[in-house]
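Given next are the chains, with one letter for each unit.
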Amino acid sequence: MPIKDTRFSDEKGKVLMLGNEAVVRGCLEAGVSYASQYPGTPTSDIGEYFHQILRENPEAKEYLVHHWAVNEAVATSACAGAAWTGCRSLNPMKHVGLNVASDALSVIALNGPNPGAMVILVGADPGSLGSHQEQNERFYTWMLHLPCFEPHTPQECKDFTKLAFELSEKYDTVFEVRTSTRSAHSRGYVELGPIKRGKAKGEFIRNIPKFNSLPPHAINNHVRLYERIEKIREIILELGVNKIIPGENKIGIITSGMPFGYTMEALDQLGLDDVPVLKLGMIYPLNYEEISNFLNSLEKVIIIEELEPFLEVKVSEIAHHNKLNVQMIGQEYFPKYNEYSTGLIATSLAKIFDKTPSEQMTNAIEYFNSYKEIVPARFPTFCAGCPERATLYSILKATNQLENTVICGDIGCYVMSFFPPQECSDLVICMSGGISAAIGMSTKSDQKIVAMIGDSTFFHTGMAPLAEAVGYNSNVLLIIFENSWTAMTGHQDDVLRYLINRGFSIENICKALGVPWLRIEDSYNPKKLTKSIEEALQEKGLKVIILKRECGLQAHRWRMSQIRDLEAQGQKVQEITYYISGCQVCHECSRILSCPAIRRTEIDGRETMQIDEDRCIRCGVCYQICPNGAIHKSVIHALATEVPFREI
């Protein structure tokens, strides 16, 4: 019997939590009763923890709801709707998800969340550790007027989340809590507090000037929003979220979030124990008095922040307004890209303070960098048996290794298709950006244009560009991966799964939109798929191929569970294995299909390929595509029960 995670039910004590877990705990202590999000790293697991709570504490279902939304714009508006009934709602998203949500959020911020409260949780990703870019979304806080907390530790993740809800409700303002990939997934001790039961039901009270931001109400709401921001600015000192580490040095530091931790470690390594540091827990708005008082006794101030100079610009503005003669040091010493580290900050601070790095620090940096040589670099790759990998093989074959062909990629596992050895993607923009780019490209190029999109991305924002492609009969081949899971972010049991269980059909949507050329194919039948792609590229106008094959990981898990159940009942099942014999090392399987379950080895002094049985999921694609018949199939207990992959 699984052990219940009491960290989400106990009301006192100190427990270890990840930043994301602490955010959820903060929601429970704040009385949140509704959360909605589209999964995206580094915030996906916030939803997973909510669902864990609902599984382990059935009584919570009486008041707590978590929805996996179709996209961020839907999630944001849904959270606003819940807040407008008097409930408290959380809206997590990753940094690029804020782009999708911003259209709705720009109006919701004007309206305000009262009578309830609304907090957005944005997971930034300096270094693009799990994203296609490292956009500095902090500028949205200024543009949309979103007071923003930036926690450094899991304890702050909990405390700031809880405080954000209190202030959101008090000041009728949407608040933001900004984490990063590091702070979301760093672990630390969290002091637990009482859990507050959220509202089971609320009631919407009609208020046309508040909820209808059209002239003249839009302007009035804009004025009111500025008034609220100024009230919040005034109380920042009372909140205690900003901290000053005192020092007598005439050079000070202003920083926030994860860079604060790196900064303190760097100062310690350099022996700089007299440097005053202002650690900002709230990065927008800033309290003018607090900043000017900190700057007043300094000759120079160093702004340490990841990505573009957001704080540097705002602090410089305050210094200029108050006619403070203090030199700003920031972007000329600290890069505006990639995530920071203690070594990077220590190196920059050593230059600023004219300090020679200690031998210990130099050795630590050299030791860290030495692992770049020890640990072999490798590209991210698809799982063994991934149907998308098999599809890329068919695309390469059908186009003679992409001869006169452009592949418009998209966001999903297939984003990895541009890596060697396939190199089967020419561009990536955003969710559904592939088909949108393909529409424009096809009007101005005679090249063969292929676009790819997954079922979750299709559902997210893909139907609108498909409708446009139909309307203009764009000369594009769209390949839709229908693997029945939001696979890239961790197979969430999201709205896509609910719709699939109700008979949701991408095929029917394509027919309803009027797609003129439509085929249903199987990635695990590569020769037939290759032929269909060849036929499609000979046709003019829009063509769509839907590939119905479940995510390889989930398909393998399901199949193995079925086999275990049958064996537990005493039944014999077929055992299928694939092995290589007589290999001519043509590398069709390793460099074109590039399955990670196949590797080059040497047997009896002869170079050959070999299948790793522990990685192979028995999809059989390599068996079908081997041009020399060197991959063989063996069936043990051939007359016993066959357990194939499930159909979708």
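Asks: Can you help me understand the pattern of salt bridges in this one?
Replies: Should their charged atoms come close, side chains of opposite charge can pair. A full pass over the atoms with the stated rule returns 29 salt bridges. As a salt-bridge pair, lysine 243 and glutamate 156 come within 3.9 Å of each other at their nearest N and O atoms. Placement of lysine 243 in strand 9 (residues 243-245) and of glutamate 156 in helix 6 (residues 154-171) is noted, with a sequence separation of 87 residues between them. Between glutamate 317 and lysine 314 there is a salt bridge, with its nearest N and O atoms 3.3 Å apart. Taken together, the residues glutamate 317 and lysine 314, both in helix 12 (residues 310-321) and three residues apart, mark about one turn of the helix.

Asks: Help me understand the domain arrangement of the chain in this model?
Replies: You can read the domains of the chain as domain 1 (13-237), domain 2 (243-368), domain 3 (387-554) and domain 4 (567-636). The interface of domain 3 with domain 4 comprises 14 residues on the first partner and 13 residues on the second. Where domain 3 abuts domain 4, roughly 1,100 Å² becomes buried across the two surfaces, and 61% of that area is made up of carbon and sulfur atoms. Of all residues in domain 3, Arg389, Tyr393 and Tyr524 bury the most surface against domain 4, accounting for 51% of the area lost on that side. Joining domain 3 to domain 4, the criterion identifies one salt bridge. Between lysine 397 and glutamate 588 there is a salt bridge; the shortest N-O distance is 2.8 Å.

Asks: Which parts of the structure should I look at to understand unusual backbone geometry?
Replies: What is expected of a backbone is that most residues other than glycine have negative phi and most peptide bonds are trans. The residue after tyrosine 284, namely proline 285, is reached through a cis peptide bond having omega -10 degrees. Looking at the element boundaries, proline 285 is found in the loop between strand 12 (282-284) and helix 11 (288-296). Here proline 420 and proline 421 are connected by a cis peptide whose omega angle stands at 5 degrees. Even without being glycine, leucine 402 reaches a positive phi, approximately 65 degrees. Locating leucine 402 in the fold gives a position in the loop between helix 15 (387-398) and strand 15 (405-408). Residue classification places leucine 402 among the buried positions, given a relative accessible area of 16%. Look at valine 585: it is not a glycine, yet its phi comes out positive at around 50 degrees. Turning to its location among the elements, valine 585 is positioned in the loop between strand 20 (575-580) and helix 22 (588-592).

Thresholds applied
Residues numbered from 1 in each chain as written. Predicted model: local features only at pLDDT ≥ 70, side-chain atom pairs only at ≥ 80, totals over all residues. Heavy atoms only, no water. Salt bridge = Lys/Arg side-chain N within 4 Å of Asp/Glu carboxyl O. Helix = DSSP H or I, 4+ residues; strand = E, 2+ residues; numbered from the N terminus. Domains from an automatic or database assignment. Contact = heavy atoms within 4.5 Å. Buried area = accessible area lost by both parts, 1.4 Å probe. Buried < 20%, exposed > 50% of the residue type's maximum accessible area, 1.4 Å probe, protein only.

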